[in-house]
Amino acid sequence: MPKIIIHGGFFSESSTSLETKIAKQNALLRIVKDSYVYLQNHSALETVVYAVSQLEDNELFNAGVGSQIQSDGKIRMSASLMDGVSQKMSGVINIEDVKNPIQVAQILMSEDDRILGGSGATNFARNHGFEPFSTEIPQRRSEYEEKIASFGTGTVGCVALDKDGKIAVATSTGGKGFEIPGRISDSATVAGNYANEFCGVSLTGVGEDIVSNATAAKIVTRVTDGFSIEKAFEKTFNELKPYDGFAGAIGIDKNGNIFHQDSHPSMVFASFDGKNEEVFN
């Protein structure tokens, strides 16, 4: 049976209104259910791109439209895609002025050079028909001008299991805000976005913590080696504790088990399997 789970970064009760919380819950449920319908007639790989594109298009989430502004006043985004069957990963790092970075990553999947950064990523997008598009919204500019830094935990992602038992994962981020230009997030690395035939995992949180722990790759490897998805998450998240690592993860294994965990409250997520829905509270 097809399964899907998505995430939209972290939610802070202290800095976000109840209205925004409800809006995120509604948006995540709408996107996950719409993407589940899409999954019925499309592959897991196509579906994760479809879902993450919708998350990138929603300014409630820090990816695509609404991405954070870096310390020099510019927006640079990263996104990656991984096919659990072919074991191919593609991605863009610090791409600029593109509406849907995940769709650029999708095109790169068929290239020999599958992960591009900076101007190379942006030029590739232009050469493949992606028109210049500013993802900046007034709220982000206001935050930047007032030096109101976010928690740096905004990322979106999707893991899908299709009717043929194939797994894919996609992750996209607008950065943590006010970072040094050139900083590399976890989202276009195997620490933040990883899948094989046994499991797929997407991360959100503080990229430096996630990379230090190789979180997504560890979870997937442990499932491959025989751990249950719950035990793989538990062991890997315990390894974040010595340095108080800030991370949240979503995953699906080959048997259709859906799991999610965060090290700090509260990752926003939604899942759907055609009958049962779950959304963060």
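In the nomenclature of an unreviewed UniProt entry, the chain is known as Isoaspartyl peptidase/L-asparaginase of Flavobacterium ardleyense.

1. Looking at the packing of aromatic side chains
Evaluated as defined, the whole model comprises six aromatic pairs. With 5.9 Å between their ring centres and 45° between their planes, F11 and F280 make a pair best called tilted. Of this pair, F11 sits in the loop between β1 (3–10) and α1 (18–39) while F280 sits in the segment after β12 (277–279), placing them 269 residues apart in sequence. Relative accessible area serves as the criterion here: at 3%, F280 is assigned to the buried category. Judged by centre distance (5.1 Å) and plane angle (80°), the rings of Y36 and F272 are edge-to-face. Of this pair, Y36 sits in helix α1 while F272 sits in strand β11 (residues 267–272), and the two are 236 residues apart along the sequence. Residues Y36 and F272 agree in their burial class; the two are buried. Taken together, the ring pairs connect F233, F237 and F259 into an aromatic cluster. Sitting above the plane of the F272 ring, K33 keeps its charged end 5.6 Å from the centroid.

2. Brief notes about empty space enclosed by the protein
Within the structure shown, the criterion is met by two cavities of 30 Å³ or more. Size it by volume and the second largest cavity reaches roughly 40 Å³. If you go around the second largest cavity, the residues you meet are Q70, R76, M77, S78, N94, T173, G174, G175, E179, R183, I184 and S185. Along the lines of polarity and charge, the residues of the lining of the second largest cavity split into two nonpolar, seven polar and three charged.

Cut-off values and rules
Residues numbered from 1 in each chain as written. Predicted model: local features only at pLDDT ≥ 70, side-chain atom pairs only at ≥ 80, totals over all residues. Heavy atoms only, no water. Phe/Tyr/Trp six-rings, centres within 6.5 Å; stacked < 30°, edge-to-face > 60°. Helix = DSSP H or I, 4+ residues; strand = E, 2+ residues; numbered from the N terminus. Buried < 20%, exposed > 50% of the residue type's maximum accessible area, 1.4 Å probe, protein only. Lys NZ or Arg CZ within 6 Å of the ring centre and 35° of its normal. 1 Å grid on protein atoms, 1.4 Å probe; cavity = no way out; pocket = protein on both sides within 12 Å on 5 of 7 lines; lining within 4 Å. Points joined across faces, edges and corners; volume = space filled by probe spheres on them. Nonpolar A, V, L, I, M, F, W, Y, C, P; charged D, E, K, R; others polar.

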